[in-house]
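Chain by chain, the residues run as shown.
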Amino acid sequence: RNLLMSAGLVVLLAVAFALYARSGKEIARANEMRYRSLLLADELRQSGDDLTRMVRTYVVTGDPVYKQHFQDILDIRDGKKPRPENYSRPYWDLVLGDGPPPRPSQRAIPLLELMRQAGFTEEEFRKLAEAKANSDALTLPEFEAMKLVESTGPESEANRARARLMMYDDMYHQAKAAVMGPIHDFFVLVDQRTLDAVQAAESST
């Protein structure tokens, strides 16, 4: 009888341990998803800031390397160019002129696809689509400013001055805010959803 009771106790302990280990894995998985989701959300914000810095540098210096960096940032985000390793870490701030890239690249994949794999909700994607559309619209005056910098002839100096103004006037700041506003809302939605997932996993232990 004692042997049966001991065996039963061992089985119960084994089941309890298995359930505890499973709950621990669920918590770890929820935390990992939360971390990855926030990194991807921040990447969208960072890409917008990097684009602004590159176009402003180009219209001031006229150095074509910054125009190329501008296009590279767009192409990486859209999956048209290989994605650098650990792209969520500082990258473009470490790219100096036409020097070597800070890190090697991996396969090309759109940021949108990475977000889809991360399990963003329909509402989160709506905010993402709004931010992405506004960001794409913002590239129109940015490309126009770069074209003005490249103009020649008697109006070239006036065109360069106009290009510089375009990158700092109220219209540009309003367009920039139209990109960052939905990204802010996107952050709030992702943060709350993933926090709820973590808390739900913790409460089940």
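Presented here is a report on the structure given in the accompanying data block. Each chain has its residues counted from 1, running along the sequence as written. For this predicted model, a pLDDT threshold of at least 70 governs which residues receive local features, and a threshold of 80 or more governs which side-chain atom pairs are given and counted, while totals over whole chains, interfaces and linings are taken from all residues. The side-chain figures draw on all heavy atoms in the structure; neither hydrogens nor water molecules are used.

With respect to the overall build of the chain
For the record, the criterion: Labels follow the DSSP assignment, with helices taken as runs of H or I lasting at least four residues and strands as runs of E lasting at least two, numbered in each case from the N terminus. By definition, residues are in contact when any of their heavy atoms lie within 4.5 Å. In this description, accessible areas are obtained by the Shrake-Rupley approach with a 1.4 Å probe, and a residue is regarded as covered only by the protein chains that are shown.
Scanning the chain from N- to C-terminus turns up 6 helices and 0 strands. Start at the N end of the chain and walk to the C end: the helices and strands fall as α-α-α-α-α-α. Sequence separation of 24 or more characterises 69% of the internal contacts of the chain that already satisfy a separation of 6 or more. Per element, the accessible surface of the chain, about 12,200 Å² overall, is 59% carbon and sulfur.

Topic: the packing of helix α4 (residues 122-149) against helix α5 (residues 156-166)
Definition in use: Each axis is a line fitted through C-alpha atoms, and for a helix only the stretch in contact is used; angles between axes span 0 to 180 degrees, taken between their N-to-C directions. Convention used here: angles under 35 degrees read as roughly parallel, angles over 145 as roughly antiparallel, angles from 65 to 115 as roughly perpendicular, and any remaining angle as oblique. Take the far helix as the reference: if the near one is turned anticlockwise from it by less than a right angle, the crossing is left-handed, and if turned clockwise, right-handed. For this classification, the nonpolar set comprises Ala, Val, Leu, Ile, Met, Phe, Trp, Tyr, Cys and Pro, the charged set comprises Asp, Glu, Lys and Arg, and every other residue, Gly included, is treated as polar.
With their axes 8 Å apart at the nearest point, α4 and α5 run at an angle of 155° to one another. With respect to their mutual orientation, α4 and α5 come out roughly antiparallel. By crossing handedness, the relation of α4 to α5 is classed as left-handed. In this structure, α4 uses Pro141, Glu144, Ala145, Leu148 and Val149 to contact α5, whose residues at the interface are Asn159, Arg160, Arg162, Ala163 and Met166. The residue makeup of the contact of α4 with α5, split by class, is 6 nonpolar, 1 polar and 3 charged.

What about the nonpolar core?
To be explicit about the condition: Residues enter a nonpolar core if they are buried and are Ala, Val, Leu, Ile, Met, Phe, Trp, Tyr or Cys, with the set joined through side-chain atoms within 4.5 Å. Partly exposed describes any residue whose relative accessible area lies between the buried limit of under 20% and the exposed limit of over 50%, with all areas from a 1.4 Å probe on protein chains only and scaled to the type maximum.
Ranked by internal contacts, the top residues of the largest apolar core, which has 40 residues, are Trp92, Met115 and Phe120. Mapped onto this core, the elements with two or more residues apiece are α1 (2-61), α2 (64-77), α3 (111-117), α4, α5 and α6 (170-203). When sequence neighbours within four positions are dropped, the list of residues in contact with Trp92 reads Asp50, Arg53, Met54, His69, Asp72, Ile73, Ile76 and Tyr87.

Here's the deal with the pattern of salt bridges
Note the threshold: Any Lys or Arg side-chain nitrogen found within 4 Å of a carboxyl oxygen on Asp or Glu counts as a salt bridge.
Tallied over the entire structure, the rule returns 15 salt bridges. For the salt bridge of Glu113 with Arg116, the shortest nitrogen-to-oxygen distance reads 3.0 Å. With Glu113 and Arg116 both in helix α3 and 3 residues apart, the pair spans about one turn of that helix. With relative accessibility at 27%, the residue Glu113 sits in the partly exposed group. Put simply, Asp42, Arg45, Asp49 and Lys176 are held in one network by salt bridges that share partners.

A word on the packing of aromatic side chains
As a reminder, the rule being used: The rule is short: rings of Phe, Tyr and Trp, with Trp giving its six-membered ring, pair when the centres are within 6.5 Å, and they are stacked under 30 degrees, edge-to-face over 60, tilted in between. For a lysine, the NZ atom is tested; for an arginine, the CZ atom; a charge sits over a ring if that atom is within 6 Å of the ring centre and within 35 degrees of the ring normal.
All chains considered together, the criterion is met by 3 aromatic pairs. Arranged with centres 5.1 Å apart and planes meeting at 85°, the rings of Tyr91 and Trp92 form a pair that is edge-to-face. Its relative accessible area of 8% is what places Tyr91 among the buried residues. Its relative accessible area of 5% is what places Trp92 among the buried residues. Here a set of aromatic residues connected by ring pairs shows up, and it is made of Tyr87, Tyr91 and Trp92. Sitting above the plane of the Tyr168 ring, Arg56 keeps its charged end 4.2 Å from the centroid.

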